[in-house]
There are 2 protein chains.
Amino acid sequence: MKEIEKLIEFRESIKVVDATLRDGGLVNDFYFSDEFVKALYKTNVKAGVDYMEIGYKASKEMFDPDKFGKWKFCNEDDINAIFGNNDTDLKLAAMADVGRCDYKNDIIDRNNSALDLIRVATYVHTMPAAIDMIEDAHKKGYETTCNIMAISTAQEGDVKVALEMLGKSSVDCIYIVDSYGSIYPEAMTRICDLYMNAAEKYGKKLGIHAHNNQQLAFANTIEACACGVDYLDATYSGMGRGAGNCYIESLVGFLRNPKYNIYPIIRFIEDYINPMKEQGVTWGYDTQYLFTGVLNRHPKAAIDYTKAGRKDITEFYNEIIVQD
Amino acid sequence: MKEIEKLIEFRESIKVVDATLRDGGLVNDFYFSDEFVKALYKTNVKAGVDYMEIGYKASKEMFDPDKFGKWKFCNEDDINAIFGNNDTDLKLAAMADVGRCDYKNDIIDRNNSALDLIRVATYVHTMPAAIDMIEDAHKKGYETTCNIMAISTAQEGDVKVALEMLGKSSVDCIYIVDSYGSIYPEAMTRICDLYMNAAEKYGKKLGIHAHNNQQLAFANTIEACACGVDYLDATYSGMGRGAGNCYIESLVGFLRNPKYNIYPIIRFIEDYINPMKEQGVTWGYDTQYLFTGVLNRHPKAAIDYTKAGRKDITEFYNEIIVQD
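Note that the structure is predicted; figures quoted are calculated from it, not measured.

A. Spatial organisation of the relation of the copies chain A and chain B. By a simple turn and slide, chain A fits onto chain B: the slide is 0.0 Å along the axis, the RMSD is 0.0 Å, and the turn is 180°. Seen this way, the second copy is the image of the first under a two-fold rotation axis. When the interface residues of chain A are mapped onto chain B, 100% of them again lie at the interface, so the same face is used by both copies.

Below is the structure:
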């Protein structure tokens, strides 16, 4: 049941998760300057953000380190150089993709790392591998979350099985992920109910990671929040793959917990985000993303359309409508 | 209660209202070419749009016709030149503002006009004048709606009185208007309940006109739709004052009634909307509008910031936060 009466109050259990370096890194191949990353870190601390996702723990067997910035890999040396021991209230997180992470080697004991949280990203059909990664990270001392991606193209029965498997695992928090930005808030309510049943049964937290293909990332995030979802992903000005994510400035403008402070966020947008946009780094809502969202498709075709600088949106629609 | 189970079905009573010329006219002082207006009209007919709002019936005593395009005034001659007798299923509407319309003279009998619907826009405190305009238009044979503006800064008790007054009037449809883009979908649900009580008591329809200051115009529109609101305002690519409105392409992508057709809408965006944007006509979500939305303020300061080409968003925040 939505807590529609509590717009002026706040819930202590809510956590804001800044995913700018990780999902935003998909826009610029993780080529963030050290200055940018340090300033973002300081901003998050001042703003009262709870978690900062700093990138991926990607396999260097599968991805060439010469072709990506350092936050694709989150080497411990690189983490230490920027974050030191991280003696702040802001916790640090990295994402580990099923099948694209040498987690047994690259994720070290939490005692020896500045990272606090490992976020395992998986599809429904790779859930056993995801759980192996979760248990590995849990044994190494980390908090863990699991992002089940692309649920809008999965069968509800399969999602239920995945939730049962996660319920019985050591995972701390299960994420609802709208990979294609195709989910409407009304449907989000139902999905939250489905996830909440498993979460309450097994004592897990829930999270939400939304995409903005239909300009619904913020709406879906606060809809999920009203349904009891606590971990809320957002990025600065929505920086993220394709149409991007929930804007952290919108989210912090909405939340009522006085520990959150929008002012440093605004300053960072002026000093770092807007200049980056003016230099041509491109993300955010546009008509091509609406189409892939409505059609419940991966945004790849829309990203390609954007990168090519195409303007023939009608022809693009013709192309994608017949693709399957 | 929200009809969350009916996402695949559709409700025959839903009406899509294209407000591009009227709310979009606030962006370019109504200087639309005849070619643009004719193409928009043909597009709306093809797309299955139910109503097309073509502009204002503004007082020529108060506004200089040399300083605005013709759709600020909607002279009957100008209407006839473009729309003829309008022998289509698309109905035509014009807005009349309380205190800014010589309605007794400028609104003629419906028999002699191509217009079908007069939309009266009012504040809560000018409701008696609005009702005088509604009754005038009703007697002349028009369908009528009433947009109660700026309700997010009005007292709920006053809104209830206004709804009672409208309930007893001849108005056909009462509009929920989020003038400042400050209303969250959770609050929209409560507002819909308030309006629905009056609507059901007096047999009125409800409508929704949303602004996109917090990127919630589409979300609020479909939230209201799920709560039983039937008249849904939207504009092409959200063209409208400041942060703009609900995007008609998003709305038609969401609605399931097969009479709606997104394809001509896409074509119009490619041929007319995107070129207009490239020529420098500016509207749509940006950080400055988020702030006025969060602060529940008229967007004027944000519009001025935008027009001045300012980039000092932190200073802008400092300015508006201390304004009251």
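B. Main features of the environment of A93 of chain A. Mapped onto the secondary structure, A93 of chain A falls in strand 3 (residues 91–97). Residues A93 of chain A and T144 of chain A, 51 residues apart in the sequence, show an inter-C-alpha distance of 9.2 Å.

C. The arrangement of the packing of helix 12 (residues 287–294) of chain B against helix 13 (residues 300–307) of chain B in detail. Residues and elements named next belong to chain B. Viewed as axis vectors pointing N to C, helix 12 and helix 13 meet at an angle of 170°, and their least axial separation amounts to 9 Å. Relative to helix 13, the element helix 12 is oriented roughly antiparallel. Side by side, helix 12 and helix 13 meet where Q288, Y289 and T292 of the first sit next to A302, I303, Y305 and T306 of the second. Looking at side-chain class alone, the contact of helix 12 with helix 13 contains four nonpolar, three polar and no charged residues.

D. Structural context of the environment of V45 of chain A. All names here are of chain A. Position of V45 relative to the elements: it lies in helix 3 (residues 34–47). Separated by 202 residues in sequence, V45 and Y247 place their C-alpha atoms 17 Å apart. In this structure, V45 is in contact with T88 and L90, ignoring residues within four places of it in sequence.

E. How the structure looks around a positive patch on the surface. All names here are of chain A. Taken together, K38, K42, K46 and R267 make up a surface patch of like positive charges. Per-element accounting of the positive patch gives the leading share, three residues, to helix 3. Take K42: it is sitting in helix 3.

F. Structural view of the pairing of strand 6 (residues 173–177) of chain B. Residue and element names in this part refer to chain B. When you tally the buried positions in strand 6, you get five out of five residues, the bulk of the element. As paired strands, strand 5 (residues 143–148) and strand 6 are joined by four bridges and run parallel to one another. Bridge assignment links I148 to a residue of strand 6, and that residue is I176. Read from strand 5 through helix 7 (residues 156–167) to strand 6, the crossover connection turns out right-handed. Pairing of strand 6 with strand 7 (residues 205–209), which is carried by five bridges, proceeds in the parallel orientation. Each bridged residue has a counterpart across the sheet, and for V177 the counterpart in strand 7 is H209.

About the thresholds
- Every residue gets a number counted from 1 within its own chain, in the order that chain's sequence is written.
- Each chain is given a letter, starting from A, and each ligand a number, starting from 1, according to the order in which they appear as written.
- Per-residue local features are limited, in this predicted model, to residues with pLDDT of at least 70; the limit for side-chain atom pairs, both in listing and counting, is 80 or more; totals at the level of whole chains, interfaces and linings are taken over all residues.
- Excluding hydrogens and water, the side-chain values take into account all heavy atoms of the structure.
- Fitting of the copies onto one another was done by least squares over C-alpha atoms, counting residues only where both copies have pLDDT of at least 70.
- The contact definition used throughout considers only heavy atoms, calling two residues in contact when any of these lie within 4.5 Å.
- Secondary structure follows DSSP: runs of H or I at least 4 residues long count as helices, runs of E at least 2 residues long count as strands, and numbering of each begins at the N terminus.
- Only the stretch in contact is used when a helix axis is fitted, and all axes are lines through C-alpha atoms; the angle between N-to-C directions ranges over 0 to 180 degrees.
- Relative orientations are named as follows: roughly parallel for angles under 35 degrees, roughly antiparallel for angles over 145 degrees, roughly perpendicular for angles from 65 to 115 degrees, and oblique for any other angle.
- By the convention adopted, Pro, Cys, Tyr, Trp, Phe, Met, Ile, Leu, Val and Ala count as nonpolar, Lys, Arg, Asp and Glu as charged, and the other residues, Gly among them, as polar.
- Put simply, a patch holds well-exposed residues, over 30% relative accessible area, that have no salt bridge, with like charges counted together within 9 Å and Val, Leu, Ile, Met, Phe, Trp or Tyr side chains within 5 Å.
- Per-residue accessibility takes into account occlusion by the displayed protein chains alone, with areas from the Shrake-Rupley method and a 1.4 Å probe.
- Within this document, salt bridges are pairs made up of a side-chain nitrogen of Lys or Arg and a carboxyl oxygen of Asp or Glu, the two lying within 4 Å of each other.
- Under the convention used here, Asp and Glu are negative, Lys and Arg are positive, and both His and the chain ends fall outside the count.
- Charge placement uses NZ in Lys and CZ in Arg. For Asp and Glu, CG and CD serve respectively.
- Categorising residues by exposure relies on relative accessible area from a 1.4 Å probe, with only protein chains included: less than 20% of the type maximum marks a residue as buried, more than 50% marks it as exposed, and the intermediate range marks it as partly exposed.
- DSSP-based pairing: two strands are paired if at least 2 bridges between them are found.
- Orient the strands so they point away from the viewer, and a crossover whose first-strand-to-second-strand path over the helix runs clockwise is right-handed.

Structural measurements only, silent on function.
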